[in-house]
Each structure stands twice: as structure tokens, then as C-alpha cells.
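Notes for the structure review
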Amino acid sequence: MVDIAGAFALPGKVAIVTGGAAGIGEATAAVLAAAGARVVVSDWDGDGAARVATAIAAEGGDAVARGVDVSDAAAVTALVEEVVAEFGGLDILVNNAGIMARRPVLEISPEEFDRILSVNLKGVFYGCQAAGRVMGRGGRIVNMLSEIIDRGTAETGSYAAAKKGAEALTRTFAVELGQLGIRVNGVAPAWTITAMTRQRGLNKDGEFEPGRFDEVKEKLAALSPLGVVNDPIDIAYAVLYLVSEAGRNINGQVLRVNSGSSMT
Ligand SMILES: NC(=O)c1ccc[n+]([C@@H]2O[C@H](COP(=O)([O-])OP(=O)(O)OC[C@H]3O[C@@H](n4cnc5c(N)ncnc54)[C@H](O)[C@@H]3O)[C@@H](O)[C@H]2O)c1
């Protein structure tokens with residue numbers, strides 16, 4: 001019989017998940033730990049990362065926390081080197097940390113444009129570069145992209161530029177690091193219920209209105225044939241496939257977790 005559980009298991013693999021303190025990163029850290037990986041939950045919110053690592057450990061998983069800003073190249077390199085020194089290597093990196101700012105393109109300031117690109121694009125570059133330097137054959141990197149790579153939407157100029165750039169980086173790193181036996185792929189989620197998307201439920205006084213949120217959610221769910229939006233674990237399962245042995249020949253691809261709302 002084929003060992004299906006074994007194909008998706010990550011026993012003893014060392015994994016870093018950036019932006020692991022919340023949302024998709026938190027779910028990914030939990031899923032990788034459940035698959036047997038030793039997970040470094042990394043986030044610029046160090047307390048949040050510690051909370052997630054403690055919760056994983058309480059359920060029998062292996063997790064530690066690190067407070068790191070992915071837009072700081074030196075800090076990312078230091079994180080990777082520290083993990084290699086402490087755990088003996090790095091097998092998996094999930095470049096998940098990301099931020100969003102909704103604003104009409106004519107109103108985006110140079111500072112805001114830089115801020116969004118620093119986290120969502122440069123952060124991915126720094127992570128891939130640092131990991132590529134230390135990973136051996138069998139290394140796996142997943143970059144968190146977005147459905148925005150496939151469509152034009154209003155008020156997302158800086159975010160779209162960063163995610164499309166990260167998609168391009170995914171391909172370049174896949175070609176160069178692929179020759180070293182390291183696979184690099186992307187996941188492009190459609191709307192997923194997290195703190196990032198809950199912002200769509202805020203009124204102009206900054207208060208969360210469930211009705212307002214549900215209205216946006218239903219409109220976005222209707223864009224897909226399945227009529228649903230994602231939960232964070234839907235994205236985490238896609239990451240698990242890409243970093244597992246089951247995905248061993250997948251390289252330079254973007255897995256779209258979007259219920260069929262685009263089929264590029
Ligand atoms: N939620 C969605 O609908 C959706 C859709 C497509 C793509 N994404 C992408 O998925 C990823 C995770 O998004 P989410 O919805 O879980 O967001 P979230 O806001 O719930 O969580 C993001 C996490 O990243 C951390 N973070 C932000 N900037 C950081 C930095 N500079 N360094 C380290 N950590 C940082 C935050 O502290 C937070 O814990 C992002 O890259 C986002 O662009 C989300």
C-alpha cells in the first residue's frame with residue numbers, strides 16, 4: 001500500500017513560518033507542527049508568536065517563537081543562521097508575513113508604497129535568499145501570494161505590485177535554487193477570514209460591524225463556483241502539500257486556493 005500519511009508527514013523537519021502569530025501563518029504553523037515539524041513561529045509581534053508556539057506545544061507539537069521583522073534583511077539572515085545553529089539545519093521556510101493598505105492609487109504616498117513593498121516583496125526576497133544560502137537538497141520554500149496576482153482590483157495598488165513581484169521572485173528562485181535541490185512555490189489565496197480581512201467590517205469610526213463584514217464576505221464568496229471563502233486552514237493544507245514529500249516534483253508553481261474563482 002502507498003504510505004499516504006507518510007507522504008504528508010514532516011518528522012523532525014525544521015520549519016520557519018513568518019507572520020506566524022495570526023491568521024494564515026498561525027494555521028500553517030499548527031498544521032506543519034501536527035505533521036511532525038519543529039516549527040519556529042516568527043513574527044514582528046513576538047508576544048503573539050510566543051502565544052502560538054505555546055498553544056502548539058500544549059497540544060504536543062514542537063514549536064518555539066522568535067520576534068523578527070521580515071523587512072529587516074539583517075534580522076532575517078540572523079534568524080535563519082540562529083535556527084541552523086540551534087536545530088542543525090533548515091528544511092522549510094514559509095514566507096507568509098504580509099500587510100495590506102487599501103487606498104486609491106492616486107492617494108498612495110511614497111512612504112506607504114515603500115512600507116507595503118518592504119514587507120510583502122522585500123521580505124520574501126530576504127527570506128528566500130537567507131534560506132537558499134543554508135538549505136541543502138530537499139529544502140522547501142513557500143511564498144504567500146494572493147489572488148490579486150490574477151486580477152485588477154481597486155485600492156490595492158501597492159499590495160498588488162508587491163504580490164506580483166513576489167510571484168516573479170518565486171519563479172526566479174525556483175529556477176536558481178531548484179538546481180541546488182531546493183523547491184520554491186507560491187500559494188495564492190482568495191479571501192480568507194483573518195484579522196486582515198476583518199478590516200473590511202470596520203465602519204468609519206473603526207468599530208467592527210458583523211453585518212458589514214458578512215455583506216463583503218457574501219459578495220466575495222459569490223465570485224467562486226463553490227460560493228465560499230477560505231478559512232486559514234484551507235491555505236495551511238495547501239502549504240503542507242507543497243512542503244511535503246507528496247509535492248516533491250512541484251517547483252516554481254502557484255497553487256491557487258480560490259474555490260475556482262480564477263483558473264489561470
Ligand atoms: N486574508 C486574506 O484574505 C489573504 C488573501 C491573500 C493573501 N493573503 C496573504 O496571506 C498572508 C497572511 O495574511 P493574514 O490574512 O493571515 O494576515 P494577518 O494580518 O491575520 O496576519 C499577518 C501576520 O503577519 C505579521 N506581520 C506583518 N508584518 C510583518 C513583518 N514585517 N514581519 C513579521 N511579521 C509581520 C502580523 O503581525 C500578523 O501576525 C499575507 O502575506 C497576506 O498578504 C491573505
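Here the residue index of a chain counts from 1 through its sequence in written order. In view of the model being predicted, local features appear only for residues whose pLDDT reaches at least 70, and side-chain atom pairs are presented and counted only at 80 or more, with totals across whole chains, interfaces and linings using the full set of residues. Hydrogens and water molecules were not included; the side-chain quantities draw on all heavy atoms of the structure.

1. Let's talk about the site of the ligand
We call a residue near a molecule or strand as soon as one heavy atom of that residue lies within 4 Å of the molecule or strand. Around the ligand sit 28 residues, and of these D43, N96, Y159, T192 and T194 come closest. D43 is positioned such that a nitrogen or oxygen atom in its side chain is 2.6 Å from an oxygen atom of the ligand. Residue-level accessible areas treat just the shown protein chains as cover; the underlying method is Shrake-Rupley with a 1.4 Å probe. Within the complex, the protein chains bury 93% of what would otherwise be the 830 Å² of accessible surface of the ligand. In this text, helices come from DSSP runs of H or I with a minimum length of four residues, and strands from runs of E with a minimum of two, each type numbered from the N-terminal end. Those elements that provide at least two residues to the shell around the ligand are helix 2 (23-34), helix 6 (157-178) and helix 7 (195-198). In terms of residue count, helix 7 provides more of the shell around the ligand than any other element does, three residues in total. Each residue is assigned to one of three groups, with Ala, Val, Leu, Ile, Met, Phe, Trp, Tyr, Cys and Pro labelled nonpolar, Asp, Glu, Lys and Arg labelled charged, and all others, Gly among them, labelled polar. The residue inventory of the shell around the ligand, partitioned by class, reads 17 nonpolar, eight polar and three charged. Domain boundaries shown here were taken from an automatic or database domain assignment. Both domains that furnish three or more residues to the shell around the ligand are identified here as domain 1 (4-190 + 231-256) and domain 2 (193-229). For the purposes of these results, a polar contact is taken to be a pair of N or O atoms within 3.5 Å, where, inside protein, one atom must be able to donate a hydrogen and its partner to accept one; residues adjacent in sequence count only when each atom of the pair is a side-chain atom.

2. Some details on helix 9 (residues 232-243)
In a helix, the anticipated span is given by 1.5 Å times the number of residues less one. The terminal C-alpha atoms of helix 9, which comprises twelve residues, lie 17 Å apart, in line with the 16 Å expected from a rise of 1.5 Å per residue. Taken together, the buried positions of helix 9 are P232, I235, A236, A238, V239, L240, L242 and V243. In what follows, a contact means two residues having at least one pair of non-hydrogen atoms within 4.5 Å. Residues of helix 9 that are buried in the fold lie against helix 1 (4-8), helix 2, strand 4 (92-95), strand 5 (140-144), strand 6 (183-189) and strand 7 (254-257). Burial classes: relative accessible area under 20% of the type maximum marks a residue as buried, over 50% as exposed, and values in between as partly exposed (1.4 Å probe, protein chains only).

3. Topic: the domain arrangement of the protein
Looking at the protein, the domain boundaries give domain 1 (4-190 + 231-256) and domain 2 (193-229). The interface of domain 1 with domain 2 comprises nine residues on the first partner and five residues on the second. Counting each side, the surface lost to burial between domain 1 and domain 2 is near 590 Å², with a carbon and sulfur contribution of 62%. It is M100, R102 and D231 in domain 1 that bury the most area against domain 2; as a group they hold 51% of the surface buried on that side. Here domain 1 is connected to domain 2 by zero residue pairs in polar contact (both at pLDDT 80 or more). Among the residues forming the side of domain 1 that touches domain 2, the class breakdown is five nonpolar, two polar and two charged. Accessible area that two parts lose when put together, with a 1.4 Å probe and added across both, is what the buried area reports.

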